[in-house]
Amino acid sequence: MTLSRVERVLTGYVRGYLKDNIDNEKLRKVSFAMSLITCLLDGSVSLFPLFALSFTNNIGLTAFENNLIASSMMIGLYLTLPILGYCGDAHGSVFLAIIGSLIIPGYWIAEYQFKNLDNNVLIMSFAFFLIGMGTSSSYFSSLLTCAKIYPNKSISISLPVACYGVSAFLLSWISSLSLFENSIGDESSFELSKFFEFLQWIYLIVTIINWMSSFVVTIEKEIIFAKLIEEIGRASCRERV
């Protein structure tokens, strides 16, 4: 299958440079490692109970309203998968990596709402829908990249899944650092707006890493398609002879 127009635009000249200047096996290893890093930071959705506690304490959301927001996030995570699957088939994992950047505006909207003590549930639900969809797309892109880089090795599926599982513990530990504490006298509280801002920067870096790691898939698709065209051409010549 040849590259789609969208896939060509998103990879551009970088694809050609990598193909001409970097050894293909080395490129595979680097891309695989970068995809694992993406998976290792994609699990922020698992921290929603921590977010919900701050929503209740700081902007007065009820348990029902927090559940609505969580449900919107789950819709983004799971019900968008058929659409994301089609996008991945049609335009490659690089397109999914770009869709994964929706996490960034999602956390920006959530931070804005939280800072301004705005308890508009619909806006917050929309923010977490974007976060859910972006997370699903980013993880799906990394998983697809790993599976296509080493299709015959079990680690191509098990390692990214394991990294995604570990990401919840990693981000939970990061959230407990004093960097995100607001100290008033002898008491300290979790500063959610700072953590949301941190996540925006983290996912900007993750999106760039994910985008770059998916290049190897487009390069291999291009090589395979070129070989297929060459084989068809040779078979056609033999038939004429």
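Please refer to the structure placed before this passage.
Predicted model only: the values in this text are computed from it and were never measured.

Enquirer: Hey, could you run me through the overall build of the protein chain in this one?
Expert: Counting its secondary structure elements, the protein chain contains 11 helices and 2 strands. Order of helices (α) and strands (β) in the protein chain, N terminus to C terminus: α-α-α-α-α-α-α-α-α-β-β-α-α. Taken across its 241 residues, the protein chain has 45% of its residues classed as buried. The contacts in the protein chain between residues at least 6 apart in sequence include a share of 80% that link residues at least 24 apart. Accessible area for the protein chain stands at about 12800 Å²; split by element, carbon and sulfur atoms hold 66% of it.

Enquirer: Would you mind going over the nonpolar core with me for this structure?
Expert: Most often, soluble globular proteins keep nonpolar side chains buried together rather than apart. Of all hydrophobic cores here, the largest spans 34 residues; its most connected members are Phe48, Phe51, Phe55, Tyr107, Phe128, Phe196 and Leu199. Dropping the residues within four chain positions of it, Phe128 is found in contact with Phe48, Phe51, Phe55, Ile69, Ser72, Met73, Ala110 and Phe196. Counting residues in each nonpolar core, the second largest holds 13 residues, with Leu27, Leu36, Cys146 and Val217 among its members.

Enquirer: Help me understand the packing of helix α4 (residues 63-79) against helix α8 (residues 121-149), please; the structure alone is not making it clear to me.
Expert: Between two packed helices, both the angle of their axes relative to each other and the distance between the axes serve to describe the pair. Two elements in contact, α4 and α8, have axes separated by 6 Å at closest approach and are oriented at 30 degrees. The angle between α4 and α8 places the two elements in the roughly parallel class. For the element pair α4 and α8, the recorded crossing hand is right-handed. Across from Glu65, Leu68, Ile69, Ser72, Met73, Ile75, Gly76 and Leu77 in α4, the residues of α8 making contact are Val121, Met124, Ser125, Phe128, Phe129, Gly132, Met133, Thr135 and Ser136. Along the lines of polarity and charge, the residues of the contact of α4 with α8 split into 10 nonpolar, 6 polar and 1 charged.

Enquirer: Is there a simple way to think about the packing of aromatic side chains in this case?
Expert: The description of an aromatic ring pair uses the distance of the two centres, along with the angle that the planes make with each other. A full pass over the atoms with the stated rule returns 20 aromatic pairs. Summarising the aromatic geometry, the rings of Phe51 and Tyr107 are spaced 6.4 Å apart at their centres and angled 85 degrees between planes, so their arrangement reads as edge-to-face. A residue pair is termed long-range when its members are at least 10 positions apart, and Phe51 in helix α3 (residues 48-59) and Tyr107 in helix α7 (residues 103-115) qualify at 56 residues. Pair check on accessibility: Phe51 and Tyr107 agree, each one buried. Aromatic pair Tyr107 and Phe196: ring centres 5.4 Å apart, planes at 40 degrees, arrangement tilted. Separated by 89 residues along the polypeptide, Tyr107 in helix α7 and Phe196 in helix α10 (residues 192-213) bring together distant segments of the chain.

Enquirer: Quick question: what am I supposed to make of unusual backbone geometry here?
Expert: Only a minority of non-glycine residues have a phi that is not negative, and only a minority of peptide bonds are not trans. Positive phi outside glycine occurs at Leu117, with the angle close to 55 degrees. Relative to the helices and strands, Leu117 resides in the loop between α7 and α8. What makes Leu117 exposed here is its relative accessible area of 56%.

Enquirer: For this particular structure, what's the right way to read helix α9 (residues 155-175)?
Expert: One turn of an α-helix holds 3.6 residues; hence residues three or four places apart share an orientation. For α9, with 21 residues, the first-to-last C-alpha span of 29 Å sits near the 30 Å given by 1.5 Å per residue. All of the buried residues in α9 are Ser156, Pro160, Cys163, Ser167, Leu171, Ile174 and Ser175.

Conventions used here
Residues numbered from 1 in each chain as written. Predicted model: local features only at pLDDT ≥ 70, side-chain atom pairs only at ≥ 80, totals over all residues. Heavy atoms only, no water. Helix = DSSP H or I, 4+ residues; strand = E, 2+ residues; numbered from the N terminus. Buried < 20%, exposed > 50% of the residue type's maximum accessible area, 1.4 Å probe, protein only. Contact = heavy atoms within 4.5 Å. Areas by Shrake-Rupley, 256 points an atom, 1.4 Å probe, with all protein chains shown as cover. Core = buried A, V, L, I, M, F, W, Y, C linked by side-chain atoms within 4.5 Å. Axes fitted to C-alpha atoms, helices over the stretch in contact; angles between N-to-C directions. Parallel < 35°, antiparallel > 145°, perpendicular 65-115°, else oblique. Left-handed = near helix turned anticlockwise from the far one by under 90°. Nonpolar A, V, L, I, M, F, W, Y, C, P; charged D, E, K, R; others polar. Phe/Tyr/Trp six-rings, centres within 6.5 Å; stacked < 30°, edge-to-face > 60°. Expected span 1.5 Å × (residues − 1).

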